[in-house]
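Here are the chains, one letter per residue:
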Amino acid sequence: MSRASKITLGVSLLTTSAIIFGVHYVQEADKQAMHQGVLSDEARQRARRERQIEFDQQRRLEEALLQEQTVTKQAGG
């Protein structure tokens, strides 16, 4: 095998290896980004549920207080 063909083969192998590594790296980065999206969605949903629970508790408290006392609307004030 001539020197030029050995160099060509070596460069081809290095280029192919770099491409394979690059594609693998990009796939792993995409996978991590997608996983972070799932985690942030779960956190957002959890916070929303907590806010809804607090809202419902406040609504029940308001209804209970309104039943215990009479509230009148004042004109002009």
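One structure accompanies this document, and this report is about it. (Residues numbered from 1 in each chain as written. Predicted model: local features only at pLDDT ≥ 70, side-chain atom pairs only at ≥ 80, totals over all residues. Heavy atoms only, no water.)

A look at a nonpolar patch on the surface
Then, number 1: Residues M1, L9 and L13 make up a contiguous nonpolar surface patch of roughly 350 Å² in combined accessible area.
Then, number 2: Assignment of secondary structure puts M1 in the segment before α1 (3–68).
Then, number 3: Classification of M1 by relative accessible area gives exposed; the value is 72%. (Patch = residues over 30% accessible without salt bridge, like charges linked within 9 Å, V, L, I, M, F, W, Y side chains within 5 Å. Areas by Shrake-Rupley, 256 points an atom, 1.4 Å probe, with all protein chains shown as cover. Salt bridge = Lys/Arg side-chain N within 4 Å of Asp/Glu carboxyl O. Helix = DSSP H or I, 4+ residues; strand = E, 2+ residues; numbered from the N terminus. Buried < 20%, exposed > 50% of the residue type's maximum accessible area, 1.4 Å probe, protein only.)

Details of the pattern of salt bridges
Then, number 1: Under the criterion given, the structure shown has 2 salt bridges.
Then, number 2: Note that R44 and D41 form a salt bridge whose closest N and O atoms lie 2.8 Å from each other. In this pair, R44 and D41 are both assigned in helix α1, 3 residues apart and thus about one turn of the helix distant.
Then, number 3: Classification of R44 as exposed rests on a relative accessible area of 53%.
Then, number 4: R59 is paired through a salt bridge with E62; the nearest N and O atoms lie 3.8 Å apart. With R59 and E62 both in helix α1, this residue pair falls 3 residues apart, about one helical turn.
Then, number 5: By relative accessible area, E62 is classed as partly exposed at 39%.

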